[in-house]
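Summary of structural features
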Amino acid sequence: MNITTIGTGYVGLVVGACLAETGNEVVCADVDEKKIAGLKKNILPIVEPGLGDLVTRNQAQGRISFTTDVAGAIRKANVVFIAVGTPQDEDGSADLRHVLAVAEMIGQNMTQEMVVVTKSTVPVGTAQKVKETIGRGAKFPFHIVSNPEFLKEGAAVDDFMKPDRVVLGADSDHARSMMAELYAPFVRTGKPIIFMDIPSAEMTKYAANAMLATRITFMNEIANLCERLGANVDLVRKGIGSDSRIGSSFLFPGPGYGGSCFPKDVKALIRTATDAASPMRVLEAVDSTNERQKHRLFEILSSALDGKVKGTTIALWGLAFKPQTDDMREAPALTLIDELLAAGAAVRAHDPEAMHEAKRRLGDRITLAASGYEALQGANALVVVTDWNEYRHPDFARIKNALAKPVVVDGRNLYDPAQMRKLGFTYRSIGRASG
Ligand SMILES: NC(=O)c1ccc[n+]([C@@H]2O[C@H](COP(=O)([O-])OP(=O)(O)OC[C@H]3O[C@@H](n4cnc5c(N)ncnc54)[C@H](O)[C@@H]3O)[C@@H](O)[C@H]2O)c1
């Protein structure tokens, strides 16, 4: 098939590369000239395992190309994926400006019967708006599909290639059969394609993210309570996660969820629910509780330093909102850095992949160190913010030697409290007895 993806970010690029890999002719279009110029030379705008190889191989074999000529890319396609951003608007709702601008271009530039697929996360009712917008300019028949994307940053290629399920809301048999054909290579192991009506597909994406955000937040509150009561959240997590009704994923406590999706999608669903006079009280609590959790690391650190944060230097391990990505959107590290700087501390930070992004966002407000150990030089304490593999089993003697005071705040419960105590650290983590 001739596929065009419009928006070549995390989602559009992964979708385009994976569909090219299965033999389709793919054009990835974006208005960001720098991004497209880089991609033409196989330089990726994001860090995502396996994606570089896919782009390089398929570009060399002529199955994927990159362009800023969005109209031209639409003219070539019989299937178009809309994968532009849907950022948070001022009132919390999803800002549909980019989606609808693309829909207008599709209507004006289509040259044949077309299937238009919304990949962006959009509120219920958006497909209808997309349909009306395209319809105003369309000279050919077109079909609308809502195909929410469930990939995780850091494992995006794997998730797209081996999805747990594919959700497809479609308004015609033609659209359903085209999409079934397109996705057939990815569901050969028997994972389901779940066909549904379009509003249900749009809702499924929000419900999934809201559920996951709720699990994380629930565990963060359990952890905070464990800390107060002398229980160990790691044991509680194992104890409940082995219940098949609950399952073990997304039960790790930490400094609050971040990233480009959960915060904005939770807020957008709250807005949708309020507008529909069906408020979601649980989700409102999730949103505000998560905001509070983002301040936990600073509170724990401050208490470990007896409130004396001013004038200290704090080493941070991890800046990305999670491992295997350089994405710092809504990252808990940003909240912590703001609080540390406001309290008069200096920050020395390291991240295996997000250094460029940190430089772009923070400039000279913090010092970026070439390695985790270099970040420790002259620091009064270490805070582990992101659970990158390379921070999981460090040389503790080296940490202790480098730190002016042996204080470690572990925001991801990577280390063993008893061992840290034995090694002479003042050790704090989330939801476990203090060291
Ligand atoms: N990032 C994720 O993990 C993830 C997962 C599932 C769903 N989503 C959803 O997918 C959508 C895209 O997310 P993302 O993370 O890929 O965003 P992103 O910001 O990485 O990429 C969006 C791209 O769209 C481009 N763009 C904006 N307006 C355009 C236009 N008019 N024409 C062409 N290109 C345009 C931007 O330049 C940018 O490159 C969002 O709705 C998001 O909620 C994201």
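Residues numbered from 1 in each chain as written. Predicted model: local features only at pLDDT ≥ 70, side-chain atom pairs only at ≥ 80, totals over all residues. Heavy atoms only, no water.

The subject of this paragraph is the packing of helix α11 (residues 262-275) against helix α12 (residues 281-293). Relative to each other, α11 and α12 sit at 145°, their axes nearing to 9 Å. The handedness of the crossing between α11 and α12 comes out as left-handed. Along its contact with α11, which presents V266, K267, L269, I270 and T274, the element α12 presents L283, E284, D287 and E291. When the residues that make up the contact of α11 with α12 are grouped by side-chain class, the tally is 4 nonpolar, 1 polar and 4 charged. (Axes fitted to C-alpha atoms, helices over the stretch in contact; angles between N-to-C directions. Helix = DSSP H or I, 4+ residues; strand = E, 2+ residues; numbered from the N terminus. Left-handed = near helix turned anticlockwise from the far one by under 90°. Contact = heavy atoms within 4.5 Å. Nonpolar A, V, L, I, M, F, W, Y, C, P; charged D, E, K, R; others polar.)

This next bit is on the nonpolar core. What tends to happen in soluble globular proteins is that the nonpolar side chains get buried as a cluster. Core analysis: the largest hydrophobic core is formed by 57 residues, its most contacted members being L316, L340 and Y415. Apart from the residues lying within four places of it in its own chain, the contact partners of Y415 are W317, V384, Y391, R392, P394, F396, V408, D410, M420, Y427 and R432. (Core = buried A, V, L, I, M, F, W, Y, C linked by side-chain atoms within 4.5 Å. Buried < 20%, exposed > 50% of the residue type's maximum accessible area, 1.4 Å probe, protein only.)

Looking at the secondary structure, you find E48 in the loop between α2 (33-40) and α3 (51-60). As a C-alpha pair, E48 and D326 span 278 residues in sequence and 8.4 Å in three-dimensional space. Discounting residues that sit within four places of it in the chain, E48 has contacts with Y10, K152, E153, G154, A155 and A156. A distance of 3.0 Å separates a polar side-chain atom of E48 from the backbone nitrogen of A156. (Polar contact = N/O pair within 3.5 Å; in protein donor to acceptor, adjacent residues only side chain to side chain.)

It is worth spelling out the pairing of strand β10 (residues 346-350) at this point. Of all the 5 residues making up β10, 4 are buried; the element is thus mostly covered by neighbouring parts of the structure. Of the strand pairs in this sheet, strand β9 (residues 313-317) and β10 are connected by 5 bridges, and their pairing is parallel. In the strand pairing of β10, I314 is matched with V347. Considered for its hand, the β-α-β crossover made up of β9, helix α14 (residues 332-342) and β10 is right-handed. For β10 and strand β11 (residues 367-368), the ladder comprises 2 bridges, and the chain directions are parallel. Paired with R348 across the strands is T367, a residue of β11. (Pairing = 2+ DSSP bridges. Right-handed = clockwise from strand over helix to strand, strands pointing away.)

So, on to helix α6 (residues 126-137). Compared with an ideal rise of 1.5 Å per residue, which puts 12 residues at 16 Å, α6 spans 18 Å between its outermost C-alpha atoms and is within 8% of the ideal. Those residues of α6 not exposed but buried are T126, A127, V130, T133 and I134. Relative to the axis of α6, the buried residues are bounded by an arc of 125° and lie together on one face. Of the surrounding secondary structure, the elements contacted by the buried residues of α6 are β4 (79-82), α5 (97-109), β5 (114-118), β6 (142-146) and α9 (198-229). (Expected span 1.5 Å × (residues − 1). Arc of directions from axis to C-beta.)

The final tally for this structure, using the stated rule, is 25 salt bridges. A salt bridge links D387 to R392, with the nearest nitrogen and oxygen atoms 3.8 Å apart. What you see here is one network of salt bridges that share partners, running through E153, D327 and R329. (Salt bridge = Lys/Arg side-chain N within 4 Å of Asp/Glu carboxyl O.)

The next subject is the site of the ligand. Inspection of the region around the ligand gives 25 residues, with D30, K35, T86, E153 and K264 positioned closest. A distance of 2.8 Å separates a nitrogen atom of the ligand from a polar side-chain atom of E153. Taken by itself the ligand offers 830 Å² of open surface, and the protein chains cover 88% of this. Broken down by secondary-structure element, the contributors of at least two residues to the shell around the ligand are α1 (10-21) and α5. Across the shell around the ligand, the residue classes tally to 9 nonpolar, 8 polar and 8 charged. (Near = heavy atom within 4 Å. Areas by Shrake-Rupley, 256 points an atom, 1.4 Å probe, with all protein chains shown as cover.)

Enumeration according to the criterion identifies 10 aromatic pairs in this entry. A ring pair is formed by F160 and Y183, whose centres lie 5.9 Å apart and whose planes are at 45°; its orientation type is tilted. With a gap of 23 residues between them, F160 in helix α7 (residues 156-161) and Y183 in helix α8 (residues 173-183) connect regions that are remote in the sequence. Seen in terms of ring centroids, W317 and Y373 are 6.0 Å apart; in terms of plane orientation they differ by 85°. Their pairing is edge-to-face. One end of the pair, W317, is in strand β9; the other, Y373, is in helix α16 (residues 372-376), with 56 residues separating them in the sequence. Residue W317 is classed as buried on the basis of its relative accessible area, which comes to 2%. (Phe/Tyr/Trp six-rings, centres within 6.5 Å; stacked < 30°, edge-to-face > 60°.)

It is worth spelling out the side chain of T121 at this point. With respect to the helices and strands, the residue T121 is situated in the loop between β5 and α6. The class for T121 is buried, based on a relative accessible area of 11%. Not counting the four nearest positions on each side in its chain, T121 is found in contact with T86, K205, Y206, K264 and D265.

The next point concerns the pairing of β6. Taking burial as the measure, the 5 residues of β6 include 5 buried ones, the bulk of the element. In this sheet, β6 lies alongside β5 in parallel orientation, the contact comprising 5 bridges. When the bridges of β6 are listed, V116 appears paired with I144. Taken together, β5, α6 and β6 constitute a β-α-β crossover, and its handedness is right-handed. Alignment of β6 against strand β7 (residues 166-170), held across 2 bridges, turns out to be antiparallel. For S146, the partnering residue across the bridge sits in β7 and is G169.

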